There are 2 protein chains.
Amino acid sequence: MQFITHTSTVEGAIQRIDFVLGADASGALWRPDGGTEPVALLLVALGGGQHVDTPGVAARAHRFAEHGYAVAALNNPGQGGRPQTDADISAIAAIRNPAATLQQRGTAIENYNAVVAPRALPEWAALLDVLAARYPEIAHKPIGFYGVSLGAVIGLHLLAAEPRITAARLGLIGGEHLLQAAQRIRVPVEFVMQWDDELISRESSLRLFDALGSTEKSLHASPGGHTDVPVHERDSALRFFDRTLRDAGAS
Amino acid sequence: MQFITHTSTVEGAIQRIDFVLGADASGALWRPDGGTEPVALLLVALGGGQHVDTPGVAARAHRFAEHGYAVAALNNPGQGGRPQTDADISAIAAIRNPAATLQQRGTAIENYNAVVAPRALPEWAALLDVLAARYPEIAHKPIGFYGVSLGAVIGLHLLAAEPRITAARLGLIGGEHLLQAAQRIRVPVEFVMQWDDELISRESSLRLFDALGSTEKSLHASPGGHTDVPVHERDSALRFFDRTLRDAGAS
């Protein structure tokens, strides 16, 4: 695969590099500017319907970079402005169908996520390889993974297959079909759930946390729906990576 | 009630005052030394069998004080060197009975906690009054509560009755008889549970978290048994109080 740098911009103390990997896997890399070596690399997989330029996504990446991390994010196949197949278009229409019940919507999302995640996996593996070749000072640092919702579905499969990733913040997912991947995970995990998630049943989230094979894992549950994760959980993610990657890299 | 200062010692930048409240309610107050006003007051209720000088208890209080908090802890009635009734002695013997099953031990603890907590409540109310009279520069700051296990049973009842307390870190408890008190709580709560707690069933902890009436509440679950709360949860407690008390006091 190729790694085509489109633009390199500097925002404050952060350098941002927009790239396309292979045919159309667009994404962005944020890193501390000025030759500062990052303390670790965070791979950020997006939720359904997000784009690397969705304000919440870009702001999160920027904040991680301000704290010394390099951050690499990929738009998901068929999303974030990437070409869509007919199957993508009809699956997304099913998710957005205004006549669908919440339960039908949840099922449509779960089904589509299960299709998108396997398409994303080789792109993440390729991204790690390209980063290792092109930015060894980044890729040879400890590597963490951040993804909730669709991003966590990708994460569960990626973590089970990719030994270079040594810590993960996941959440906002459930489902019987994910339990097997969860059981194979061994790295520290912080798992967020929303206590009143309208798309994921409480029982399903708790079962997924229970299934995680990691000896170090934390469940953080907060009241509210799928998109109501409280602000203080953002800070918790940073502390989780500080504890599992920064301190690990320093020792 | 009287407040008798036994000793005032300085440990590093922390002043410690040992006191007896009323007839025999022994406890300790830690505060930043040198006239520094604390950012908030933390009330620390102890777990079953603990003493204010149990290393974990004193170290936690000391660390809170190093971060700018005043910390007041009370030995529980019948514990921590305080006089015991015949009922105390036989209840503690039932808890320590080497022939008891884990389930019997859990029931014995739950029963005893339900008796001890109501005895502790008036002491905590009196302590707040005495602190307000004697150390207004401490008692008029925001007030938080920290207690797990028996300390959390006390906390649930105290919070439901005591509007001066505006944030609480609780956990390691469950039980139908506590749900009603939990429903009355309105302040921010961080609730810790151990996923494999041998004394409290998982379902029982989750139901208690669910019952908490607070709009701002977080559940933190970690693998392991009743006494295996991971070190990083200690730091989380400090950040919780920083968020709910320090920042609240500053604004």
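**Describing the overall build of chain A**
In terms of regular secondary structure, chain A is built from eight helices and nine strands. The C-alpha radius of gyration of chain A comes to 17 Å, within 12% of the 18 Å expected for a compact globule of 251 residues. Projected onto its principal axes, the C-alpha coordinates of chain A cover approximately 50 × 40 × 30 Å. When each of the 251 residues of chain A is scored for burial, the buried share is 57%. As presented, chain A carries roughly 10,200 Å² of accessible surface, and 53% of it is formed by carbon and sulfur atoms. Charged side chains in chain A number 21 positive and 27 negative. The centres of these two groups are separated by 2 Å.

**What about the relation of the copies chain A and chain B?**
Overlaying chain A with chain B gives an RMSD of 0.0 Å, the required rotation being 180° about an axis along which the chain moves by 0.0 Å. These values place the two chain copies in the arrangement generated by a two-fold rotation axis. Closest approach to the rotation axis within chain A is made by the C-alpha atom of His220(A), at a distance of 2.4 Å. A shared binding surface is used by both copies, with 100% of the interface residues of chain A retained as interface residues in chain B.

**Observations regarding the interface of chain A and chain B**
A common measure of how large an interface is: the accessible area buried when the components associate. At the interface, 18 residues of chain A touch 18 residues of chain B. Taking both partners together, chain A and chain B bury about 1,600 Å²; carbon and sulfur atoms supply 58% of that area. Where chain A packs against chain B, one counts two salt bridges. Where Asp210(B) meets Arg202(A), a salt bridge forms, and the shortest distance between an N and an O atom there is 3.1 Å. Put simply, chain A and chain B have nine residue pairs in polar contact (both at pLDDT 80 or more) between them. It is strand E9 (residues 217-222) of chain A that provides the largest number of residues to the side of chain A that touches chain B, a total of six residues.

**Concerning the pairing of strand E5 (residues 69-74) of chain B**
Residue and element names in this part refer to chain B. Most of E5 is tucked away, with six of its six residues classed as buried. On E5, burial covers both faces: Tyr69, Val71 and Ala73 on one face and Ala70, Ala72 and Leu74 on the other are all buried. Of the strand pairs in this sheet, strand E3 (residues 25-32) and E5 are connected by four bridges, and their pairing is antiparallel. Bridge pairing in E5 links Trp30 to Val71.

**A short note on the environment of Leu212(B)**
All names here are of chain B. Along the chain, the position of Leu212 falls in the loop between helix H7 (202-211) and strand E9 (217-222). You can call Leu212 buried: its relative accessible area is 4%. Here the alpha-carbon distance between Leu212 and Gly151, two residues 61 residues apart in the chain, equals 16 Å.

**Points about the packing of aromatic side chains**
Evaluation of the coordinates by the stated rule reveals 14 aromatic pairs over all chains. Ring centres of Phe64(A) and Tyr146(A) lie 5.9 Å apart, and the angle between their planes is 65°; on these two criteria the pair is classed as edge-to-face. With Phe64(A) in helix H1 (residues 55-66) and Tyr146(A) in strand E6 (residues 143-146), the pair connects residues that are 82 residues apart, well separated along the chain. There is no split in this pair, since Phe64(A) and Tyr146(A) are both buried. With a centroid separation of 4.9 Å and an interplanar angle of 85°, the aromatic rings of Phe209(A) and Trp195(B) are classed as edge-to-face. On the criterion of chain membership, the pair formed by Phe209(A) in helix H7 (residues 202-211) and Trp195(B) in the loop between strand E8 (189-194) and H7 is interchain, its members lying in two chains. Residue classification places Phe209(A) among the buried residues on the basis of a relative accessible area of 0%. An aromatic cluster is defined as three or more aromatic residues linked by ring pairs; in this entry it consists of Phe64(A), Tyr69(A), Tyr146(A), Phe240(A) and Phe241(A). Above the plane of the ring of Phe209(B) lies Lys217(B), whose end atom (NZ or CZ) is 4.9 Å from the centre.

**Brief notes about the confidence of the model for chain A**
For chain A, mean pLDDT is 92; residues scoring 70 or higher make up 96% of the total. Overall fold confidence (pTM) sits at 0.90, and the ipTM for the predicted complex is 0.84.

**Overview of helix H5 (residues 150-161) of chain B**
Every α-helix winds through 3.6 residues per turn, so residues three or four apart in the chain are directed the same way. Residues and elements named next belong to chain B. Helix length check: H5, at 12 residues, gives a terminal C-alpha distance of 17 Å against a target of 16 Å (1.5 Å per residue), a fit within 8%. For H5, every residue scored as buried is listed here: Leu150, Gly151, Ala152, Val153, Ile154, Gly155, Leu156, Leu158, Leu159 and Ala160. Looking at the buried positions of H5, the neighbouring elements they touch are strand E4 (40-45), helix H3 (102-134), strand E6 (143-146), strand E7 (165-171), helix H6 (179-183) and H7.

**Focus: the packing of helix H2 (residues 86-96) of chain A against helix H3 (residues 102-134) of chain A**
Residue and element names in this part refer to chain A. Across the interface, H2 lies against H3 with an axial gap of 8 Å and an inter-helix angle of 150°. By the angle between their axes, H2 is roughly antiparallel relative to H3. Handedness of the H2/H3 crossing: left-handed. For the pair H2 and H3, the contacting residues are Asp88, Ala91, Ile92, Ala94 and Ile95 in the first and Arg105, Ala108, Ile109, Tyr112 and Arg119 in the second. Tallied by class, the residues present in the contact of H2 with H3 amount to seven nonpolar, no polar and three charged.

Conventions used here
Residues numbered from 1 in each chain as written. Chains lettered and ligands numbered in written order. Predicted model: local features only at pLDDT ≥ 70, side-chain atom pairs only at ≥ 80, totals over all residues. Heavy atoms only, no water. Helix = DSSP H or I, 4+ residues; strand = E, 2+ residues; numbered from the N terminus. Rg over C-alpha atoms; globule rule 2.2 N^0.38 Å. Buried < 20%, exposed > 50% of the residue type's maximum accessible area, 1.4 Å probe, protein only. Areas by Shrake-Rupley, 256 points an atom, 1.4 Å probe, with all protein chains shown as cover. Lys, Arg positive; Asp, Glu negative; His and termini not counted. Charge placed at Lys NZ, Arg CZ, Asp CG, Glu CD. Least-squares fit on C-alpha atoms with pLDDT ≥ 70 in both. Contact = heavy atoms within 4.5 Å. Buried area = accessible area lost by both parts, 1.4 Å probe. Salt bridge = Lys/Arg side-chain N within 4 Å of Asp/Glu carboxyl O. Polar contact = N/O pair within 3.5 Å; in protein donor to acceptor, adjacent residues only side chain to side chain. Pairing = 2+ DSSP bridges. Phe/Tyr/Trp six-rings, centres within 6.5 Å; stacked < 30°, edge-to-face > 60°. Lys NZ or Arg CZ within 6 Å of the ring centre and 35° of its normal. pLDDT = per-residue confidence, 0-100. Expected span 1.5 Å × (residues − 1). Axes fitted to C-alpha atoms, helices over the stretch in contact; angles between N-to-C directions. Parallel < 35°, antiparallel > 145°, perpendicular 65-115°, else oblique. Left-handed = near helix turned anticlockwise from the far one by under 90°. Nonpolar A, V, L, I, M, F, W, Y, C, P; charged D, E, K, R; others polar.

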